[in-house]
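Next come the chains, spelled out residue by residue.
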Amino acid sequence: MAAQNLQSVPAELTPEEEAAGQAHFDRIIAEDSRIEPRDWMPAAYRKTLLRQVSQHAHSEIIGMQPEANWISRAPSLKRKAILMAKVQDEAGHGLYLYSAAETLGQSRDKMMDDLIAGKARYSSIFNYPALTWADMGAIGWLVDGAAICNQVPLCRASYGPYGRAMVRICKEESFHQRQGFEILLELSNGTPEQKQMAQDAVNRWYAPALMMFGPPDDDSPNSKQSMAWNIKRFSNDELRSRFVGMMVEQVRVLGLTLPDDQICFNEDTKKWEHGPLDWHEFQEVLAGRGPCNAQRLERRREAHDDGAWVREAAAAYAAKQQAKESMTTKEYAA
Amino acid sequence: MSTAHTNPETTTGHGDISTGVAGGDSNASATRITPGNALRPEDIALEVRTGLVKPSGDIAEYALRLGDDALILAQRLGHWISRAPELEEDIALGNIALDQLGHARSFLTYAGAAMTNDDGSARSEDDLAYFRREHEFRSVQLFEQPNGDFAATIARQFVVSIYQYLLYRRLTESTDETLAAIAAKAVKEVDYHRDHSAQWVLRLAGGTEESRKRMVHGLRTMWPYVGELFRDDDLTQRLAEAGAAVAPSSLKEDFDRLAGEILSEAELEVPDVPAAPGGGRHGKHSEHLGYILAEMQVLAREHPGASW
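Figured I'd write up the structure that's included with this text. (Residues numbered from 1 in each chain as written. Chains lettered and ligands numbered in written order. Predicted model: local features only at pLDDT ≥ 70, side-chain atom pairs only at ≥ 80, totals over all residues. Heavy atoms only, no water.)

1. Describing the layout of surface pockets
All names here are of chain A.
- Each pocket or cavity is described by its volume, and for the second largest pocket that value is around 1,200 Å³.
- Contributing to the lining of the second largest pocket are 43 residues, with Q55, N150, M212, F213 and G214 lying nearest its centre.
- Broken down by secondary-structure element, the contributors of at least two residues to the lining of the second largest pocket are α3 (43-68), α6 (134-151), α7 (160-188), α9 (223-228), α10 (236-254) and α11 (279-289).
- Among the elements that take part in the lining of the second largest pocket, α3 stands out by supplying 8 residues, more than any other. (1 Å grid on protein atoms, 1.4 Å probe; cavity = no way out; pocket = protein on both sides within 12 Å on 5 of 7 lines; lining within 4 Å. Points joined across faces, edges and corners; volume = space filled by probe spheres on them. Helix = DSSP H or I, 4+ residues; strand = E, 2+ residues; numbered from the N terminus.)

2. Concerning unusual backbone geometry
- You will see that D32 of chain A, though not glycine, has its phi angle at about 55 degrees, which is positive.
- Along the chain, D32 of chain A falls in the loop between α2 (15-30) and α3.
- Located in the positive-phi region is S82 of chain B, a residue other than glycine, with phi close to 90 degrees.
- Residue placement: S82 of chain B occurs in the loop between α2 (57-78) and α3 (87-112).
- Owing to a relative accessible area of 3%, S82 of chain B belongs among the buried residues under this scheme. (Buried < 20%, exposed > 50% of the residue type's maximum accessible area, 1.4 Å probe, protein only.)

3. A word on α2 of chain A
All names here are of chain A.
- Between its terminal C-alpha atoms α2 stretches 22 Å, which fits the 22 Å expected from 16 residues at 1.5 Å a residue.
- Where α2 is buried, its residues touch α3 and α9.
- Directly beyond the C-terminal end of α2, a positive phi value near 55 degrees is found at D32. (Expected span 1.5 Å × (residues − 1). Contact = heavy atoms within 4.5 Å.)

4. Thoughts on the packing of aromatic side chains
All names here are of chain A.
- Enumeration over the complete set of coordinates arrives at 13 aromatic pairs over all chains.
- Between the aromatic rings of F213 and F243, the centroid separation amounts to 5.4 Å while the plane-to-plane angle is 50 degrees, which identifies the pairing as tilted. Of this pair, F213 sits in the loop between α8 (192-211) and α9 while F243 sits in helix α10, placing them 30 residues apart in sequence.
- The buried category is assigned to F243, whose relative accessible area is 0%.
- Three or more aromatic residues joined by ring pairs form one cluster here, namely F25, W40, Y45 and W229.
- Over the ring of F234 we find R242, and its NZ or CZ is 4.0 Å from the ring centre. (Phe/Tyr/Trp six-rings, centres within 6.5 Å; stacked < 30°, edge-to-face > 60°. Lys NZ or Arg CZ within 6 Å of the ring centre and 35° of its normal.)

5. Topic: the pattern of salt bridges
- One pass over the full model with this rule turns up 35 salt bridges over all chains.
- A salt bridge links K86 of chain A to E90 of chain A, with the shortest nitrogen-to-oxygen separation between them at 3.0 Å. A residue pair is termed a helical-turn pair when its members lie 3 or 4 positions apart in one helix, as K86 of chain A and E90 of chain A do in helix α4 (residues 77-102) at 4 residues.
- Note on E90 of chain A: relative accessible area 4%, which makes it buried.
- Of the charged contacts in the structure, one is a salt bridge between E189 of chain B and K185 of chain B, with a shortest N-O distance of 2.9 Å. Here the residue E189 of chain B and the residue K185 of chain B both occupy positions in helix α7 (residues 177-206), the gap between them amounting to 4 residues, near one helical turn. Per residue, the accessibility class of E189 of chain B equals that of K185 of chain B, and both read buried. (Salt bridge = Lys/Arg side-chain N within 4 Å of Asp/Glu carboxyl O.)

6. Thoughts on empty space enclosed by the protein
- Taken as a whole and judged by the stated rule, the model has 2 cavities of 30 Å³ or more.
- The computed volume of the largest cavity comes to approximately 110 Å³.
- Surrounding the largest cavity, R108, D109, M112, R300, H304 and R311 of chain A together with A84, P85, E86, L87 and D90 of chain B form its lining.
- Looking at the lining of the largest cavity, the elements that each hand over two or more residues are α5 (108-116) and α12 (293-306) of chain A together with α3 of chain B.

7. Remarks on the packing of α7 of chain B against helix α8 (residues 209-222) of chain B
Residue and element names in this part refer to chain B.
- Running from amino to carboxyl end, α7 crosses α8 at an angle of 130 degrees, the nearest separation of the two axes being 6 Å. Judged on the interaxial angle alone, α8 and α7 are oblique. Judged by residue contacts, V201, R203, L204 and A205 of α7 engage S211, R212 and M215 from α8.
- Partitioning the contact of α7 with α8 into residue classes produces 4 nonpolar, 1 polar and 2 charged. (Axes fitted to C-alpha atoms, helices over the stretch in contact; angles between N-to-C directions. Parallel < 35°, antiparallel > 145°, perpendicular 65-115°, else oblique. Nonpolar A, V, L, I, M, F, W, Y, C, P; charged D, E, K, R; others polar.)

8. A few points about the packing of α2 of chain B against helix α9 (residues 234-241) of chain B
Residue and element names in this part refer to chain B.
- Between α2 and α9, the shortest axis-to-axis distance is 10 Å and the interhelical angle comes to 115 degrees. Relative to α9, the element α2 is oriented roughly perpendicular. Here the hand of the crossing between α2 and α9 comes out left-handed. For the pair α2 and α9, contact is made by D58, I59, E61, Y62 and R65 and by L235, T236, R238 and L239, respectively.
- The class makeup of the residues in the contact of α2 with α9 is 4 nonpolar, 1 polar and 4 charged. (Left-handed = near helix turned anticlockwise from the far one by under 90°.)

9. What to know about a negative patch on the surface
- Residues E12, E16, E17 and E18 of chain A make up a contiguous surface patch of negative charge.
- Secondary-structure assignment places E12 of chain A in the loop between α1 (2-5) and α2. (Patch = residues over 30% accessible without salt bridge, like charges linked within 9 Å, V, L, I, M, F, W, Y side chains within 5 Å. Areas by Shrake-Rupley, 256 points an atom, 1.4 Å probe, with all protein chains shown as cover. Lys, Arg positive; Asp, Glu negative; His and termini not counted. Charge placed at Lys NZ, Arg CZ, Asp CG, Glu CD.)

10. Structural notes on the interface of chain A and chain B
- Of the residues lining the interface, 45 residues belong to chain A; the matching set on chain B comes to 48 residues.
- In total, chain A and chain B occlude about 4,000 Å² of area from one another, counting both sides; carbon and sulfur atoms represent 66% of this.
- The three residues of chain A that bury the most area against chain B are L77, Q88 and W309 of chain A, which together make up 20% of that side's buried surface.
- In this assembly, chain A and chain B are joined by 2 salt bridges.
- With a closest N to O distance of 3.0 Å, R108 of chain A and E86 of chain B form a salt bridge.
- Between the two partners, chain A and chain B, sit 17 residue pairs in polar contact (both at pLDDT 80 or more).
- Of all elements in the fold, only α3, α4, α7, α8, α12 and α13 (308-333) of chain A reach the threshold of two or more residues within the side of chain A that touches chain B.
- Looking at the side of chain A that touches chain B residue by residue, the classes come out as 25 nonpolar, 8 polar and 12 charged. (Buried area = accessible area lost by both parts, 1.4 Å probe. Polar contact = N/O pair within 3.5 Å; in protein donor to acceptor, adjacent residues only side chain to side chain.)

11. Here we look at the environment of Q295 of chain A
All names here are of chain A.
- For Q295, the position within the fold is in helix α12.
- The partly exposed category is assigned to Q295, whose relative accessible area is 47%.
- Each C-alpha atom of the pair Q295 and W40 lies 40 Å from the other, and the pair is 255 residues apart in sequence.

12. Re the nonpolar core
- By size, the foremost hydrophobic cluster in this structure holds 193 residues, and its most contacted members are W133 and W141 of chain A together with Y62 and Y168 of chain B.
- Per-element accounting of this core gives the leading share, 15 residues, to helix α6 (residues 150-171) of chain B.
- Filtering out sequence-adjacent residues up to four positions away, W141 of chain A remains in contact with Q177, G180, F181, L184, V202, M247, Q250, V251, L254 and L258 of chain A. (Core = buried A, V, L, I, M, F, W, Y, C linked by side-chain atoms within 4.5 Å.)

So, in structure tokens, the structure goes:
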């Protein structure tokens, strides 16, 4: 895998080399420029990024499931095609992100093992069930919408491979959000039953989507350091507030409502405010006690285990082919 | 990998770009950016609505057969998305499913132009996909065979992709411009499918003992349904004589050759299994199709007349 050639887990360095590395790193951060895989970086920076990028990759992969759940039942062939393409994009996002994470020194296999073993996290949002077709709309509009708010600033993240992966991902995500919006718009202008389906889905996904930005700022211990490292650009609450402002506008066009009567624009702070969120529920879902945690992990584990013989076969075949080639080369040499 | 290549002369220029059916050299695949002039089902639908194209009853029935094949396969392959052995295969099988769905939509849209709903309107792709029952589907039974394990899916893909490649390559010469245009787009895509499945047949056959055993089993499971692909009937005979369709039997020799090349490279034998009677082209299906339709149609049927 190409990414593995970029791995740069550093060998033992002298104190002088460490100091020079740190100085270089500090200068890059101060200039708001980019750290690349072979550059020296603080161990904590590497660890933070590896955690964030791999969690992000896992979220894409687990996030395929609630939508894949509706591919077979999509109510028109056009919607089926769009949904297939969207879920396929998510697999692609997972691939770029695993590749970006590999440049930090961990293999995709190890990350996948950690995910299946329940040691790695992924976005809590994907532990909610996609119960109706309208959920395909609400996931696209709200969940991908929140993801975009989070991810656009990440295009400028100080770690080069991550920032570059995010540029492409964000382009595709904006399509995803539009298709979600379109699904809801169609339903909202459809039969009364369809409109009700759309409203129910928005009601169910609204609060979990807001919680995707993470805990409130005064309860987010890692945010400050990530901001100092130019990984994170805006605080959780700042991004959440922006997102609410966008949704308030868009929900009117949809002819639906957000299930929150406390949304308002604070003229003093110039920020959008929203009603209270159930952070206890958020913690429960993160701790593995959400509605679909067990189901999602089991499905990933099953696919991984069922595919083991295929991966082994591909590796064995590649090894045999390589052995054949080197035999041929030797014969030539002789 | 194989000796057969599309003759560029046979895959260019059917119809006029400005009217939508820009068949010909639509070098589009779901794997690449679709150029602005690629043939889309919406283009055909527009031509149907504006009365630019209307297939004969025979042509419509033929298009329905090919459309149903592709639709049922897309439905089967779509199941792999999020369940494949590797992320790369989630993407590859998803791509193939998408290509098949695209072909299905084009063929069904065209077929529907010759059929009417109760209110007199032409039947749309969705009318045909969601509001027909098992015995009204015209796909051959190979397409509805269960995915099984990855080797069984690859075995089905191996047969289907060679068959579709040969069929569409010939169909680009159809006297029916719309069929030719759909085939011109499709042949490039199924050529990739052929490459994908052939590579996996080689890998699985030459990988481990386990994978070889499964590959052999997968081929044996699918092979009873191979014969049906190449069976002629009155319809294909009439259309083939008129130059509009490809006689299925005329593809058999090339199929045997192309499949045989890969199987022999993989040191596999053509499975020696009794052929199933088939009958899908006339609405006789295996037990599997009912479940596929039940799942595919459930939501659309809960909301008849709704738009999505």
